[in-house]
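One letter stands for each residue in the lines below.
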Amino acid sequence: MAENILEVKELKTYYKTRLKEYVYAVDGVSFELPEGKTLGIAGESGCGKSTLALSLMGFYFPPLFYKSGSIFINGTDIMKLNKEQLRTRILGREIAYIPQAAMNALNPTLKIINFIEDIMKEHRPELSRQQVRMLASERFETLNLSSRVLDSYPNELSGGMKQRTVIAISTILNPKVLIADEPTSALDVTSQKVVIKLLKELLNRKYIKSLVFITHELPLLYHVTDDIMVMYAGEIVERGTAHDMVFEPLHPYSRKLMGSIIVPEEGMKNQKLSAIPGAPPNLKHTIEGCRFADRCTYATAECKKGKAESRLINNRSYRCIFDVGALKEMYENGHE
Amino acid sequence: MDMNDILLSGRHVTRDFGFGRNKVVAVNDIDFDFHEGEIISIVGESGSGKTTLAKMITGLLKETSGEIMYRGRPRDLKTQKKRKEYWKDIQAIFQDPFSSFNLFHRVEKLLIDCFTLKGIKLSREEQNQKLREAFSFVNLKYEELYNKYPFELSGGQMQRLMIARIFVLNPKVLIADEPTSMIDACSRSTILDMLLKLRTENNMTIIFITHDVGLAYYVSDTIYIMQKGEIVERGKAEDIVINPQHNYTRQLISDVPKIHTSWDVG
């Protein structure tokens, strides 16, 4: 049993709007990620997956605030550190984050190499400029990025190239955990594949130990990650291995989500895609009972009472009041 | 389909950008025939010229050479009046709903403008009735969105409103340029269903521009594969996806992550 490199316990974070309303975007999330494993997080827009990614960094700025819970990275609770310690010791070294529009993260007025020098001045001040250049070009070459990129400005690079550059830079300090928030959503399929190959390469060469991958593209998650976690309305509704989650989802929401996959394979054309009626609940208010109940075809009066607790069966957890047998029976009878 | 119901066709359509050494041929000598009621997908990677082609079909860009024919006759887009006439029949939905709205107008203005374009004069009650109909076609509630500004809407709601607009205008040809790329998987199926409903109900010709072969396969009858401004393969959706001939098509299909077959990313 590998050690857990990332452990999150009952994390709650919220947004404060200008009208002093509180939106609990991450509401009691717990999970652990063993060393060397990859975890995918799926869910529709507004379910809190990007907020979770941001919260995992332990670095909060308004309107996002921290409420309670703990985040252990390699055994240290980063929520107990002050901001300065967090910035110098954890960010970039232990955990790194690739934001959604990573291509806009590059400074348009700096050459890539100057950008890297800035980072190194802060984190590895003992290195000279030549050493930084050596290190950077070596890293870029191993990742199949030409070292010519180092002397370019961001506007000279294509979208896929920029994305790969950002990934290469954010992992230059060999962080243990890399959090990638939709790294491929703005790219076409060919560049997407190159970016995925880069992430795999980072894992194979042990530059990073674990990966948290956030996307709504389910076929992509299936190929990239070991485990998949589905989020809905700030909570985790189901977690299991990638194969089980795609072929045998238990929670009604995951099931609907998996039903919306489109792939260019024989037989796809005649398949009916499942659509989920309605919109996700407003997280400004506390919700009684199961959060998916309003949109669920199987919901009963029972579902709206109390709090739907997570159940654990054979390494799978899901959040529904029905047990596995009952759910499977309902799916077979298929009144969807 | 016989040759008589060709609605839109192009011969040797070419578009260049720039001059001299910097000249880029975005669309290079393309022929196409789109039939009435057909759903066509134009698939290619970024920079393959698919959006340029879409803009030429809508008449927003002029072709450098070649000809696009509508109902068998060359189009006449010389004056604004004639362009407006053309746009009654040909409409588009673009990739980014956030930049398709006028920031200063309330959202229902978008649909009211459609009545003006069609030249229909309506009383207040009739107009409300029509708006309500259009909103309910795309599963939006008129009461919730009435009097709102675009920034108060989510991306999915905006994109659905763009479809409501198409429902009101009822054009002959719809060009959908990556209509679902900003939208997540579950809302995507809802939007695709709406577009397909437009075809069944109104016999609309729909041209999808996308880089997702999976999506193209799911929605369309015919697929055109574009590479570097040229059409490298065309044919029935089944033939292209299950039995691709051109190397580029094979590569495109292998780049899409699939569920039942493995994906070689090492």
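Reading the values: the criteria
The numbers attached to residues start from 1 for each chain and follow its sequence in the written order. Both sets of labels track the order of writing: A upward for chains, 1 upward for ligands. Reporting in this predicted model follows two pLDDT cut-offs: at least 70 for local features of residues, and 80 or more for side-chain atom pairs to be given and counted; totals over whole chains, interfaces and linings ignore these cut-offs and use all residues. Only DSSP runs of H or I reaching four residues or more are called helices, and only runs of E reaching two or more are called strands; each is numbered from the N terminus. Neighbour counting defines burial: a residue surrounded by 20 or more other C-beta atoms within 10 Å of its own C-beta is buried, one with 12 or fewer is exposed, and intermediate counts give partly exposed, using backbone-placed C-beta atoms. It is the C-beta atoms, placed from the backbone, that decide contacts: two residues are in contact if theirs lie within 7 Å. Radius of gyration: C-alpha atoms only; globule rule: 2.2 Å multiplied by the number of residues to the exponent 0.38. Residues are grouped as follows: Ala, Val, Leu, Ile, Met, Phe, Trp, Tyr, Cys and Pro are nonpolar; Asp, Glu, Lys and Arg are charged; every other residue, Gly included, is polar. Should DSSP find at least two bridges between two strands, the strands are taken to pair. Lines fitted to C-alpha atoms define the axes, with helix axes restricted to the stretch in contact, and inter-axis angles between N-to-C directions lie between 0 and 180 degrees. Roughly parallel here means an angle under 35 degrees, roughly antiparallel means over 145, roughly perpendicular means 65 to 115, and every remaining angle is called oblique. Handedness of a crossing is defined here by the sense of rotation of the near helix relative to the far one, left-handed for an anticlockwise turn of less than a right angle and right-handed for a clockwise turn. What a helix should span is 1.5 Å times the count of its residues minus one.

J.: Explain the overall build of chain B to me, and be specific about the residues and the numbers.
T.: For chain B, the helix and strand inventory stands at ten helices and ten strands. Seen along its three principal axes, the alpha-carbon backbone of chain B occupies a region of about 55 × 45 × 40 Å. Each of the 266 residues in chain B was classed as buried or not, and the buried ones make up 42%. Summarising the internal contacts of chain B: among those between residues at least 6 apart in sequence, 67% fall at separations of at least 24.

J.: So what's going on with the overall build of chain A? Residues and values would help.
T.: What chain A contains, in helices and strands, is ten helices and twelve strands. Against the compact-globule benchmark of 20 Å for 336 residues, chain A has a radius of gyration of 21 Å, which places it among compact chains. By its C-alpha atoms, chain A is 65 × 50 × 45 Å across when sized along the principal axes. Across the 336 residues of chain A, 43% fall into the buried class. Across chain A, the fraction of contacts at a sequence separation of at least 24, relative to all contacts at a separation of at least 6, is 64%.

J.: Hey, could you go over unusual backbone geometry for me, with residue numbers and the actual values?
T.: Excluding glycine, residues mostly carry a negative phi; peptide bonds, for their part, are mostly trans. Here P62(A) and P63(A) are connected by a cis peptide whose omega angle stands at 5 degrees. Turning to its location among the elements, P63(A) is positioned in the loop between α1 (49–56) and β4 (64–73). Phi is positive for H12(B), which is not a glycine, with a value near 50 degrees. Relative to the helices and strands, H12(B) resides in strand β1 (residues 6–17). Non-glycine residue D29(B) carries a positive phi angle of around 50 degrees. Relative to the helices and strands, D29(B) resides in strand β2 (residues 24–35). We classify D29(B) as partly exposed; it has 14 C-beta atoms within 10 Å.

J.: Mind laying out the interface of chain B and chain A, listing which residues take part and the relevant values?
T.: Facing 31 residues of chain B, the contacting portion of chain A comprises 32 residues. Elements with a minimum of two residues in the side of chain B that touches chain A: α7 (185–202), α8 (213–219), α9 (237–242) and α10 (247–255) of chain B. In terms of residues, the side of chain B that touches chain A owes the most to one element, α7(B), which gives seven residues. Among the residues forming the side of chain B that touches chain A, the class breakdown is 16 nonpolar, eight polar and seven charged.

J.: So what about the sheet that holds strand β5 (residues 73–74) of chain B? Which residues, and what values?
T.: Strand pairing in a sheet is mediated by backbone hydrogen bonds. Such pairs are either parallel or antiparallel. Residues and elements named next belong to chain B. Spatially, four strands are ordered β2-β1-β4-β5 in an open sheet, and the strand pairing comes out antiparallel. Because the sheet does not close on itself, it has two edges, and the strands there are β2 and β5. In this structure, β1 lies alongside β2, joined through eight bridges in antiparallel fashion. In the strand pairing of β2, F17 is matched with V24.

J.: Explain the environment of E117(A) residue by residue, including any values.
T.: Residue and element names in this part refer to chain A. Looking at the element boundaries, E117 is found in helix α3 (residues 112–123). In the structure, E117 is positioned ten residues away from L127 in sequence and 9.5 Å away in space, judged by C-alpha atoms. The residues contacting E117, other than those within four sequence positions of it, are R129 and V132.

J.: Any chance you could break down the packing of α3(A) against helix α4 (residues 129–142) of chain A for me, citing the residues and the numbers?
T.: Residues and elements named next belong to chain A. Remark: α3 packs on α4, axes separated minimally by 10 Å, with the N-to-C direction vectors making an angle of 115 degrees. The pairing of α3 with α4 is recorded here as roughly perpendicular in orientation. Note on packing geometry: the crossing formed by α3 with α4 is right-handed. Contacts between α3 and α4 involve I113, I116, E117 and M120 from the former and R129, V132, R133 and A136 from the latter.

J.: Could you give an account of the sheet that holds strand β2 (residues 22–34) of chain A, naming the residues involved and the relevant values?
T.: Residue and element names in this part refer to chain A. Strand order in the open sheet formed by four strands is β2-β1-β4-β5, and the pairing between neighbours is antiparallel. A strand with exactly one partner marks an edge of an open sheet, and here the two such strands are β2 and β5 (76–77). Of the strands in this sheet, β1 (4–16), β2 and β4 are in contact with α1, which crosses β2 at around 65 degrees.

J.: An account of the pairing of strand β7 (residues 177–181) of chain A is needed here, citing residue identities and associated values.
T.: A regular strand carries its side chains on alternate faces of the sheet. All names here are of chain A. With five of five residues buried, β7 lies mostly within the body of the structure. Because side chains alternate across β7, one face comprises the buried residues V177, I179 and D181, and the other comprises L178 and A180, equally buried. Relative to β7, strand β6 (residues 95–98) runs parallel, the two sharing four bridges. By the bridge assignment, A96 is partnered in β7 with L178.

J.: Mind laying out the environment of K176(A), listing which residues take part and the relevant values?
T.: All names here are of chain A. Relative to the helices and strands, K176 resides in the loop between α5 (159–170) and β7. K176 sits in the partly exposed class, given 17 other C-beta atoms within 10 Å. Counting along the chain gives 155 residues from K176 to E21, while the straight-line C-alpha distance between them is 36 Å. Non-local contacts of K176, meaning those with residues more than four positions away in its chain, are made with I5, I73, N74, E94, I95, I208, K209 and S210.

J.: Kindly report on α5(A), identifying the contributing residues and their values.
T.: Side chains that are three or four residues apart share a direction in an α-helix, a result of its 3.6 residues per turn. Residue and element names in this part refer to chain A. Its twelve residues give α5 an end-to-end C-alpha distance of 17 Å, which sits within 8% of 16 Å, the value for a rise of 1.5 Å per residue. Burial analysis of α5 places ten of its twelve residues in the buried class, which makes it a mostly covered element. Among the residues of α5, G160, K162, Q163, R164, T165, V166, I167, A168, I169 and S170 are the ones counted as buried. Looking at the buried positions of α5, the neighbouring elements they touch are β6, α3, α4 and α6 (189–204).

J.: Account for helix α6 (residues 155–169) of chain B, naming residues and giving values.
T.: Residue and element names in this part refer to chain B. Helix length check: α6, at 15 residues, gives a terminal C-alpha distance of 21 Å against a target of 21 Å (1.5 Å per residue), a fit within 8%. In terms of residue burial, α6 counts as a mostly covered element, since 14 of its 15 residues are buried. Just past α6, the residue N170 takes up positive phi, approximately 50 degrees.

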